[in-house]
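Analysis of the macromolecular model
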Amino acid sequence: MVWRRRPAYALPALAMVAFAGLLTFSLVRLIQVEQDMRSNVSENMLWVISQAQVASHRLDEEVHRLTLGDQAARPALRYDVLTSRLVLLDEGPQRRYLEALGFAEQVDDAFERLASIEPQLDAIAPDAPRVADSIHAELKPLMQDLNRIANAVMVEEWEATGERLDRHRDSTLQVIASVVGLMLCGLALAALLIGALRQRRAAQQALAEHRDQLEVEVERRTQDLEAARHRVVAAIDTAPDAFAAFDADGRLALVNPKLTQMLPDASRRLPLGCSLEHALTVLRDCDDNGELDGVAHERTLRCDLHIAELGWLQLTMTSSRDGGHVIRLADITPYKQASEALERALQRERGVSDFYRSFAAMVSHQFRTPLAVIDSGLQRLQRRGASLADEERQQRYQRLRDAVAHMTRLVGSSLTAARLDGGQIEAASTCCDLQPLAERCCHLQADASGSSRIQLRHQEDAPLLARCDPILVEQILTNLLSNALKYSPDDTPIEVCLGRDDLGVYCAVRDHGRGIDNVDQARLFERFFRSSNATDQPGIGLGLNIARHLARIQHGDIDVDSHPGTGTTFRLRLPHASAATTATGEAP
């Protein structure tokens with residue numbers, strides 16, 4: 001069978017290749033003849049040379065006419081005409097043509113002769129025959145050269161015309177032979193076409209019989225597929241999850257009732273025939289979690305959606321073999337709630353573990369010095385207590401109390417730092433007026449230190465509303481005020497300024513003490529870091545670190561502005577709170 005099919009395809013192909021080859025050859029030969037016929041360089045050359053000859057004779061004539069007294073003669077015009085004719089000979093294909101004939105030097109000589117003639121044109125006059133003779137002497141060789149060039153071009157043209165006629169005759173014979181070949185190929189193709197039509201008629205008859213058999217088979221298969229489709233649709237309609245099926249063109253073809261029950265509002269925006277991108281957009285609008293953002297053009301995905309009224313849904317989109325897609329929505333709210341509960345429990349356990357680990361590290365690192373002071377003081381009192389005077393004994397008692405107080409503060413700071421590390425401190429933010437809160441902190445700190453150096457200023461008479469936790473703010477201000485009192489001279493004031501700006505509400509604590517070096521300011525809020533000029537004061541470097549943490553969990557911050565020798569300003573910033581929020585007592 002393969003051996004029989006090869007001639008059936010080979011003969012038409014061979015005839016078509018021969019037909020195309022002969023036709024291409026004929027067209028190429030005709031194009032060559034047409035291009036050869038359009039080549040008229042020699043004809044142009046004859047015209048240009050003849051015009052140059054005429055222009056030279058007329059120049060000579062005009063010169064003699066002016067010499068004889070004819071005032072209408074214009075030799076300068078004839079000179080320009082002759083120059084233009086020679087310029088045509090010296091440009092483009094004319095120049096190349098003359099170079100091929102060996103007359104390029106004559107053309108250059110002609111330009112030199114014209115150059116010698118030009119200054120003599122102004123000297124032509126009726127009483128100056130010598131100028132006319134001089135110009136004639138220059139024009140005569142030029143006219144002779146033009147005559148020789150014209151003869152050579154004529155001879156070259158006769159020879160080229162003969163060669164062209166021979167080429168045209170050969171090309172015509174070749175085209176005639178190609179046309180005969182085209183006719184033979186056409187006859188062969190016609191014969192093959194008639195045979196192919198006969199075979200096609202027989203094949204159509206066989207195909208019609210086979211088509212009738214296929215229609216019967218297709219009808220039977222269609223019935224089976226329709227029954228299977230009904231079973232699949234029934235299974236999808238009764239499934240506990242929501243389904244939406246899209247065809248190969250990305251159009252919605254099927255939605256089960258569960259989707260309408262889960263998302264009634266979204267299902268109304270999903271008519272049959274809508275695109276897959278539109279469906280994903282509708283589901284993204286329903287999602288509060290934002291996981292569908294940027295995946296509208298993905299073809300397979302799996303993500304969790306949070307619906308405010310319903311809970312958590314798991315979206316799974318898969319592609320089918322025919323290019324379609326199926327979206328499945330399953331209710332995973334119980335599993336999500338259990339996962340979140342486990343995560344919170346794990347975070348609490350991790351926080352407790354971090355709390356104890358951090359507290360233990362701080363105790364072992366920071367409590368040794370005050371304990372050593374207390375132990376050393378008690379040993380001295382035990383050995384020499386009876387021999388000490390009352391005043392010296394009271395001084396030692398006071399030092400022991402100071403060590404105990406320092407250790408108490410150390411315990412409080414360590415516990416706070418450990419609770420921050422473990423995530424045990426949360427801000428119970430509410431709307432409050434910062435002015436009475438700052439006044440209370442200033443009074444308490446003044447009473448505790450026995451100093452009246454603290455000065456409070458308020459830029460506005462209206463309430464200074466901030467969103468904060470009053471207890472945490474009081475702890476921050478207490479730390480900033482105690483540091484200002486500790487690191488500034490006793491005769492300088494401590495200025496506390498309240499105000500608001502575009503960044504929020506602020507409370508600035510300024511002292512006029514020793515200041516902080518620029519190198520130390522970058523690490524000032526690090527844990528256990530102390531400035532190089534503060535080593536003479538007691539402390540462990542936890543206060544500012546704790547203060548900044550407490551400010552940031554309230555969505556605020558602390559910044560510092562200090563210059564050595566002029567003082568330091570710490571600014572606590574807190575977010576704004578509206579008057580309406582204060583009235584309702586709700587979070588903004």
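In what follows, the structure referred to is the one given above.
In what follows, the accompanying structure is described. Owing to the predicted nature of the structure, the values given are computational and were not obtained by experimental measurement.

1. Observations regarding unusual backbone geometry
Of note in this structure, His 555 is not a glycine but carries a positive phi near 65°. Mapped onto the secondary structure, His 555 falls in the loop between α16 (543-552) and β11 (557-563). With a relative accessible area of 68%, His 555 lands in the exposed category.

2. Topic: helix α14 (residues 470-486)
If you check α14, its first and last C-alpha atoms are 24 Å apart, about what 17 residues at 1.5 Å a residue would give, namely 24 Å. Of the residues making up α14, those classed as buried are Leu 472, Val 473, Ile 476, Leu 477, Asn 479, Leu 480, Leu 481, Asn 483, Ala 484 and Leu 485. Where α14 begins, one side-chain oxygen reaches toward the backbone nitrogen of Ile 471, 3.2 Å away; that side chain belongs to Asp 469.

3. Topic: empty space enclosed by the protein
By rolling a water-sized probe across the atoms, one finds the places where empty space is left. By the definition in use, this model includes one cavity of 30 Å³ or more. If you go around the largest cavity, the residues you meet are Ala 242, Phe 243, Ala 244, Phe 246, Leu 252, Leu 259, Leu 270, Ala 279, Leu 283, Ile 327 and Leu 329. Breaking the lining of the largest cavity down by element, the ones donating at least two residues are β1 (242-246), α9 (276-286) and β5 (325-331). When its residues are assigned to classes, the lining of the largest cavity shows eleven nonpolar, no polar and no charged.

4. Focus: the packing of helix α13 (residues 434-449) against α14
One can describe the packing of α13 onto α14 by two numbers: an axis separation of 9 Å at closest approach and a directional angle of 45°. Considering their axes alone, α13 and α14 lie oblique with respect to each other. As for how α13 packs across α14, the hand of that crossing is right-handed. Judged by residue contacts, Leu 434, Leu 437, Ala 438, Arg 440, Cys 441, Cys 442, Leu 444, Gln 445 and Ser 449 of α13 engage Pro 470, Val 473, Glu 474, Leu 477, Thr 478, Leu 481, Ser 482 and Leu 485 from α14. Class assignment for the residues of the contact of α13 with α14 results in eleven nonpolar, four polar and two charged.

Reading the values: rules and limits
Residues numbered from 1 in each chain as written. Predicted model: local features only at pLDDT ≥ 70, side-chain atom pairs only at ≥ 80, totals over all residues. Heavy atoms only, no water. Helix = DSSP H or I, 4+ residues; strand = E, 2+ residues; numbered from the N terminus. Buried < 20%, exposed > 50% of the residue type's maximum accessible area, 1.4 Å probe, protein only. Expected span 1.5 Å × (residues − 1). Polar contact = N/O pair within 3.5 Å; in protein donor to acceptor, adjacent residues only side chain to side chain. 1 Å grid on protein atoms, 1.4 Å probe; cavity = no way out; pocket = protein on both sides within 12 Å on 5 of 7 lines; lining within 4 Å. Points joined across faces, edges and corners; volume = space filled by probe spheres on them. Nonpolar A, V, L, I, M, F, W, Y, C, P; charged D, E, K, R; others polar. Axes fitted to C-alpha atoms, helices over the stretch in contact; angles between N-to-C directions. Parallel < 35°, antiparallel > 145°, perpendicular 65-115°, else oblique. Left-handed = near helix turned anticlockwise from the far one by under 90°. Contact = heavy atoms within 4.5 Å.

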